[in-house]
Structures are given as C-alpha cells and as structure tokens.
Amino acid sequence: MQTSTSGQSRIWLSSPHMGEHERRYVNQAFDENWIAPLGPHVDGFEHDLQNYTGAAHVAALSSGTAAIHLALILLGVGQGDEVICQSMTFCGTSNPIVYLGASPVFVDSESDTWNMSPVHLRAAIKDRLRRGKKPKAIIYVHLYGMPAQADEILAIAREYDIPLIEDAAEALGSVYYGRPCGTLGDMSIFSFNGNKIITTSGGGALLSNNKEWIEKARFLATQARDAAPHYQHTQIGYNYRMSNVCAAIGRGQIEVLDQRVAQRRANHDFYESWLGRWPGVSFLREPKGVLANRWLSCILIDPEEAGFTREDMRLALAADNIESRPLWKPMHLQPIYADCPFYGDGTSEFLFERGLCLPSGSNLTPEDRARIREAAESVKTNAVWI
Ligand SMILES: *Cc1c(COP(=O)(O)O)cnc(C)c1O
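Residues numbered from 1 in each chain as written. Predicted model: local features only at pLDDT ≥ 70, side-chain atom pairs only at ≥ 80, totals over all residues. Heavy atoms only, no water.

A. Looking closely at the pairing of strand β8 (residues 187–191). By the criterion of burial, β8 is predominantly enclosed, with 5 of the 5 residues buried. Judged by which residues are buried, β8 turns out to be covered on both faces: Met187, Ile189 and Ser191 on one side and Ser188 and Phe190 on the other are all buried. Pairing of β8 with strand β9 (residues 204–208) involves 4 bridges; the strand directions are antiparallel. Following the sheet pairing, Ile189 is matched in β9 by Leu206. (Buried < 20%, exposed > 50% of the residue type's maximum accessible area, 1.4 Å probe, protein only. Helix = DSSP H or I, 4+ residues; strand = E, 2+ residues; numbered from the N terminus. Pairing = 2+ DSSP bridges.)

Given below as structure tokens:
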C-alpha cells in the first residue's frame, strides 16, 4: 500500500474492485490448463456481454484501443483518409486513426453532456465535403459514462452516409433512453482496462449487429490465419484477442456490474450532497430518461465564484494522498495532434481548464469518503488563488 508523508494510504481515482467469483473462474482456467488466448471463458465472456447489452455479436479483444483499430480497418480506413473524432477524450480513441496512416478531424464538445456536439459535427462534415474529402468514419464517446446525444449524432451520420463508431469504453452499464451504451453505433467498443468500471486487468471488446464484421474482427485479431494445416496468410493480421485468463476475470466482474454502477452512482450522490452546495462548483447533469454509470464523478470549478481553482482543489486532495485528475485534455490541444483540423467553439478547452475528476472507485469506504471531504474542505482555507 502506497503511503504519503501524511502516513495515510492512497485513495485512488478508480481502482479495480473484484467480486466473489473472479478467482473461481481463474482457478477453473488453471485447472483446465486453458492459459491461452481464446478458450471457453472468452466465449463465455462474449456471451455475457451479448446478454448484458443486447448486441448481436461480440468479439473479446486485448484492449479498447485494439477494438477501435479493428473497427477502422473493417470500415476500410487507410492511408490519406480522414476520420472525424470527438476531441475531448483519451488518446486511445484517436491514435488508431494514425496507426492506419489516416488523419483525425477533431470535433468539440457541447456543454450538456461534455460529448461530441452535433452542431459542430455537422459543420465539420460540411466543410470536409466542401474541400472534396468525405470522412470515412465518425468516432464519438460517452465520457465518464454520460451518454452523448446519440440520436442526433446517429441521424447526422445516416444523413451523410458515414459509418459511426461508438467509443463506450467508459460507459458500460449506462443506458440512453432505454438503449444500452455499446449498441448506439454501427460498431461499438468497450474497454476493460484496470481503471474502468469493470476490468479484466487489460482488455476490450468490439460489438455490432453485423455478423460479418465481428467474424472478420476475430480473424484479424488472430494474425489473420487462413484455414490451412500450416500457417497461411493472405492478409496482415494482429495479435489482439483476449486471453482465457483475462476473460475469466471478466466473467466474474460482469456478475457484479449492476452493483458497480449503483456504487459509482452513490459516489456521485455523495459528492453532490455537499459539494453541490458550494458556490462555483457544478456537476455534469444526467438528463431525464438517461442512466449514466457515473464511472467518474466530475466537477467544474468556477474560480471567480468558488474562490479557488481546479488546481487548488487537486493539490488540497493530493496533500492527503488522495488522487484526483483534470478532465481529459482535448486532442486538438495535444502536441501530437497540433496540425489536425478542429471544429468547435472552445467548449472542451473550457471544460478542461475547470474540470476535475474525483475519487470514484466502487470500493471507496465510509472512512475514505470522510477523508476526501475533509481534504476538500481544506481548500477553502488554503487556496492560493485570490
Ligand atoms: C480507456 C479508454 C480507451 C482505451 O481503452 P484501452 O483498453 O485502455 O485500450 C478508449 N477510449 C476511451 C474514452 C477510454 O476511456
């Protein structure tokens, strides 16, 4: 356990939280000596994800980034192509575009959900078409488990006949007007990285109602081996399948997913119950009819009104060995993407400057919460901002 000078153990932003059965599934993999990529738990985990989301076809993969990479390949994205991508996100969303020699066109967020703005999406498509280049795909994200304006985005994608990839890496368990996140695109992806709402230590999945795509994804993810007794390849493939041991963890985790959603939502309620009364502090609102998994609880701090900045709050928590983190830094502000086109009005930059993700693990104890609250309160007396 990591300790600070304060002697207190570290409170993480989001740490793995095992249930009761993960070890049993892993032991089963050991007992049967299925310590390989593929195996019965991989099939089982794929079925679990199908049952949970209602997606017709699922491929379990080594990461969420790998899932996006394969989705782009399946859509034929290649050298010189353009792909529209939500700017405010983790680089795992956008980097696979560059793996393929294509270039991202970034679109800003809107302030209701912090996700892709349908208005700027339309403006981006129109302008790219005017320049003579039709985008090959659109990737949008449900940040922090808050569903994006999916119906508006889907309608625009259909209007211009551009395939839509849904990055639901942070949104497993979220529901958009009765439809689960992970079923709101032509292809959708999840991540089971260690910090996500459930984890396989590392892993991801690609989901679609298009059977051909998912079968092709499985083929590409196993080095594109043709049917032959020897190793025969007519295409470049990848080593992207999930291992049977990781899938065993996933089988146990999905059993407790609904509990994890409830626990994360309870964290959010806890923060809102006291921070919600602080002047200058605001929360990401959940629209009526939508269920956000509240993967991370996030706040915006208006320094004029609050009397302290986002950074003051982060440092106040860090002083007691409590991890918090600014919101995702938009990709159009990242040095690696400085030359990419961007369509927007400054919303994601504004959110990045003021936003903070608070400790949100489903395993926070009442003592952890009390410590977080006390450390946060100290910002009022210690803030350096005037
Ligand atoms: C975590 C994450 C990914 C990437 O998933 P990995 O499994 O870490 O490769 C992609 N997009 C978003 C929005 C994420 O949060």
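B. Highlighting the sheet that holds strand β11 (residues 290–291). An order of β7-β6-β11 is seen for the 3 strands of this open sheet, with the pairing classed as antiparallel. A single partner strand is all that each edge strand has here, and the edge strands are β7 (179–180) and β11. Examined bridge by bridge, strand β6 (residues 175–176) and β11 share 2 bridges and lie antiparallel to one another. Pairing of Tyr176 across the sheet is with Val290, part of β11.

C. Looking closely at the packing of helix α2 (residues 40–53) against helix α8 (residues 244–255). Taken N-terminus to C-terminus, the directions of α2 and α8 make an angle of 35°; their axes are 8 Å apart at the nearest point. Our pair here, α2 against α8, has a crossing hand that is left-handed. On α8, the residues that touch Pro40, His41, Val42, Gly44, Phe45, Asp48, Leu49 and Tyr52 of α2 are Asn244, Ala247, Ala248, Gly250, Arg251 and Ile254. Classifying every residue of the contact of α2 with α8 gives 8 nonpolar, 4 polar and 2 charged. (Axes fitted to C-alpha atoms, helices over the stretch in contact; angles between N-to-C directions. Left-handed = near helix turned anticlockwise from the far one by under 90°. Contact = heavy atoms within 4.5 Å. Nonpolar A, V, L, I, M, F, W, Y, C, P; charged D, E, K, R; others polar.)

D. Here's a closer look at the site of the ligand. If you check the shell around the ligand, you find 14 residues, and the closest are Thr65, Asp167, Glu170, Ser191 and Lys196. Interatomic distance of 2.8 Å between a backbone N/O atom of Gly64 and an oxygen atom of the ligand. One nitrogen or oxygen atom from the side chain of Glu170 is found 2.6 Å from an oxygen atom belonging to the ligand. In the complex, 94% of the free accessible area of the ligand, which totals 380 Å², lies under the protein chains. (Near = heavy atom within 4 Å. Polar contact = N/O pair within 3.5 Å; in protein donor to acceptor, adjacent residues only side chain to side chain. Areas by Shrake-Rupley, 256 points an atom, 1.4 Å probe, with all protein chains shown as cover.)

E. Spotlight on the sheet that holds strand β13 (residues 325–326). The 4 strands are arranged β10-β12-β15-β13 in an open sheet whose pairing can be described as antiparallel. For this open sheet the edge positions go to β10 (281–283) and β13, each flanked by a neighbour on one side alone. By the bridge criterion, 4 bridges tie strand β12 (residues 297–301) to strand β15 (residues 355–358) in an arrangement that is antiparallel. What sits directly across from Cys298, in β15, is Cys357.

F. Structural detail: the side chain of His41. Secondary-structure assignment places His41 in helix α2. Using a relative accessible area of 3% as the deciding quantity, one classes His41 as buried. What His41 contacts, discounting residues up to four positions off in sequence, is Tyr25, Gln28, Ala29, Asn244, Ala247, Ala248 and Arg251.

G. Highlighting the nonpolar core. With 61 residues, the main nonpolar core has Ile84, Leu121, Ile138, Tyr144, Phe192 and Leu327 as its most contacted residues. Among the elements that line this core, the one with the most residues is helix α6 (residues 150–159), at 5 residues. When we break this core down by domain, the ones giving at least three residues each are domain 1 (20–254) and domain 2 (257–382). By size, the runner-up hydrophobic cluster in this structure holds 33 residues, among which are Leu74, Ala137, Ile165 and Ile189. (Core = buried A, V, L, I, M, F, W, Y, C linked by side-chain atoms within 4.5 Å. Domains from an automatic or database assignment.)

Read these as layout, nothing more, since geometry by itself doesn't imply function.
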